[in-house]
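# Coordinate inspection notes
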Amino acid sequence: MSIPESNRVAACQTTRPSAAPPRHALVFLNPVAGTNRVEQVRKELDTILSAHGWRFRFYQTTGADDFTTLIDQACQEGVDTVIAAGGDGTVADVAGALVGREIPLGIIPIGTGNVLSLELGIPQTVAEAAALLVGEHETCQIDAMRVDTRYFFLQIGVGLDSLMIRDTSRPSKRKFGRLAYTFTLLRKLIGYQAKSMVLRIDDQVHCLRAWDVLVANVGVLGFPVFHWHPEICPTDGKLNLIVLTVSSPLDIIRVTWRLLLGLPGSHSPLTVHRVDRDVTIATRHPHPVQADGEIVGTTPVTVTIVPKAIIVMIPEVCPARTCATDQWKVESRERARRIQQVLRQCLGPLGILDTDAALFVSALPHPPILNLLMLGLAWIMNRGDGWIVWLAGVLLTNPGRGWRVLRGVAPTLWLTNLTIEGAIKRIFRRDRPFHAQVLAPVIGPKPSGHSFPSGHAAAAFAGAWLLSHYFPRRWAEFYAIASLVGFCRLYLGVHFLSDVVAGTVSGIALAALYRWLVRLVIRSVDQEIRFYLHQLQRILAIASRQRLRFPRMIDGLTQ
């Protein structure tokens, strides 16, 4: 679909309240969006719009609304602005009815994700978003994606994200907000397998296996800190097809790391393809399709680009305009530089203490046998492996209890270690003592990588904290071993004192967080296992009864 030139306006133009009369608005309000109370939202909008002389009326959505007819009727009454107060689904439904019109759309984000408002830099509170509409703002035209006769403006996905959207209940979203999607995603990750897909991008056909395929008009991924790719922009007249292929846990870390830092590039496990006209996604078996946070059908699905589809009211400084790769690289480097600068400022007062501690430890006796013991301790406790070896012994002596403890401790330790080594250390990038001109000898090989925080200390204290919950009488032994591990990193000359302290604190904090998440996943998996075991018992019972009836039936026939 193309929009007539007469219906198009400049890409961005400033609208000053002093130069424009008060507007006549129709406000679509979703009463079940997000966690806000509809009465409070209505009261805040009423107060702000009325104070600036706006005429308006509310329409409370029901889930079966004909927005096109409602807007047509409103236009006949003189309405010149439409406001969508809801989540991404409400915004998409209202915006779809505005395609090709000259009526601007105002967004009041009160949903769970609010991805479009995040992409456009719209404030995330009702009062601030309403103040933007009645105050100084600009307008810009954004693209749309058409599926059959419906229009969408964010992302259309097939794979893991569509299952996450489908299986996250509305009560869960109202209770936990965006975290509800995270809980569902963690459950779906267990045992998830890549899907065979056929992609037709413009005139090219690709056959592949992927975890997820996403047609993206915006780059924000639910949270402002995550961004799929720096080139994705809702105003460039193009779409981007993101293909996620995951073959190992390391791929998950790579993808998370790239999303966290906004790193550009297109290579496995995350590849990005440019779409100039349309894209078709097909699977061997029908698979759910999500569009703008709602399930809209099953595969196959064809998505067509509609350039400059609607007009949206945005802030004067809009992130959607800074979508060039070079600009994003500069911002990523600047963000990393600021983080490192903050670290240096925070650890600056500890520099003397770190140096004194390193010199003190280096002055201690270092007999060969003690050096060997410290190196062995560091080796066996790397990544918390020593705790897992000890739990393996418990598993052999007490299989029932050992298995319960192992499945609770091992995933938590693994996630803690991945977070420290794969994310936190790379963000702070602190040099080790022997690189920082500290006069301290290094016992054994010099480790590569960064120093802050200590991964050994984090894993050791995370394991001690976890095991103390299962074996409370032995907590002193666990923490004594963890303390010895932290000291051995100082003794070997590979960490500062502040590295060990930070590793201790971050290890326990991450262990507490991941233990909570792992317990949620385990509880969900246990419920599913119990359900399938119950079904299997029913099937076996029915089969057993049928075997008993069959000989009786034969005897009756022979008589």
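This text gives an overview of the structure that appears in the document. It should be emphasised that the depicted structure is a prediction, and the values quoted were computed from it without experimental measurement.

### Concerning the sheet that holds strand S14 (residues 239-244)
What the six strands build is an open sheet, ordered S15-S14-S11-S8-S17-S18; its pairing is antiparallel. If you trace the sheet from one side to the other, it starts and ends with strand S15 (270-275) and strand S18 (294-298), each paired once. The average undirected angle you get between the axes of adjacent strands in this sheet is 20 degrees. As judged from the six bridges shared by S14 and S15, these two strands associate in the antiparallel manner. Bridged to Leu241 within S15 is His273.

### Brief notes about unusual backbone geometry
In this structure, Pro300 follows Thr299 across a cis peptide bond, with omega equal to 5 degrees. Structurally, the position occupied by Pro300 is in the loop between S18 and strand S19 (301-314). For Asp202, which is not a glycine, the phi torsion comes out positive at approximately 55 degrees. Topologically, Asp202 is positioned in the loop between strand S9 (195-201) and strand S10 (204-210). On the basis of relative accessible area, Asp202 is assigned to the buried category, the value being 10%. A positive phi angle, close to 65 degrees, is found at Arg383, a residue other than glycine.

### Observations regarding the pattern of salt bridges
In the structure shown here, the tally under the stated rule is ten salt bridges. Residue Asp278 is joined to Arg200 by a salt bridge in which the shortest nitrogen-to-oxygen separation is 3.3 Å. Of this pair, Asp278 sits in strand S16 (residues 278-283) while Arg200 is found in strand S9, placing the two residues 78 residues apart along the sequence. On the basis of relative accessibility, which here comes to 18%, the residue Asp278 falls in the buried class. A salt bridge links Asp276 to Lys238, with the nearest nitrogen and oxygen atoms 3.3 Å apart. In this pair, Asp276 sits in the loop between S15 and S16 while Lys238 sits in the loop between strand S13 (223-227) and S14, placing the two residues 38 residues apart along the sequence. Owing to a relative accessible area of 37%, Asp276 belongs among the partly exposed residues under this scheme. Judged by its relative accessible area of 27%, Lys238 is partly exposed.

### Side note on the environment of Asp202
Between the C-alpha atom of Asp202 and that of Thr280, which follows or precedes it by 78 residues, the distance is 8.5 Å. Look past the residues within four positions of Asp202 in its chain and what remains in contact with it is Arg274, Val275, Asp276, Arg277 and Asp278.

Thresholds applied
Along every chain, residues carry numbers that run from 1 in the direction the sequence is written. Residue-level local features of this predicted model are given only where pLDDT is at least 70; pairs of side-chain atoms are given and counted only at 80 or more, and the full residue set underlies all totals for whole chains, interfaces and linings. Based on all heavy atoms of the structure, the side-chain values leave hydrogens and waters out of the count. Any two strands with at least two DSSP bridges between them are considered paired. A run of H or I in DSSP becomes a helix once it reaches four residues, and a run of E becomes a strand once it reaches two; helices and strands are each numbered from the N terminus. All axes here are fitted lines through C-alpha atoms, helices being fitted over the stretch that makes contact, and every angle between N-to-C directions spans 0 to 180 degrees. Whether a residue is buried, partly exposed or exposed follows from its accessible area with a 1.4 Å probe, protein chains only, as a fraction of its type maximum: under 20%, in between, or over 50%, in that order. Counted as salt bridges are all cases of a side-chain nitrogen of Lys or Arg within 4 Å of a carboxyl oxygen of Asp or Glu. Here, two residues are considered to be in contact whenever any of their heavy atoms come within 4.5 Å of each other.

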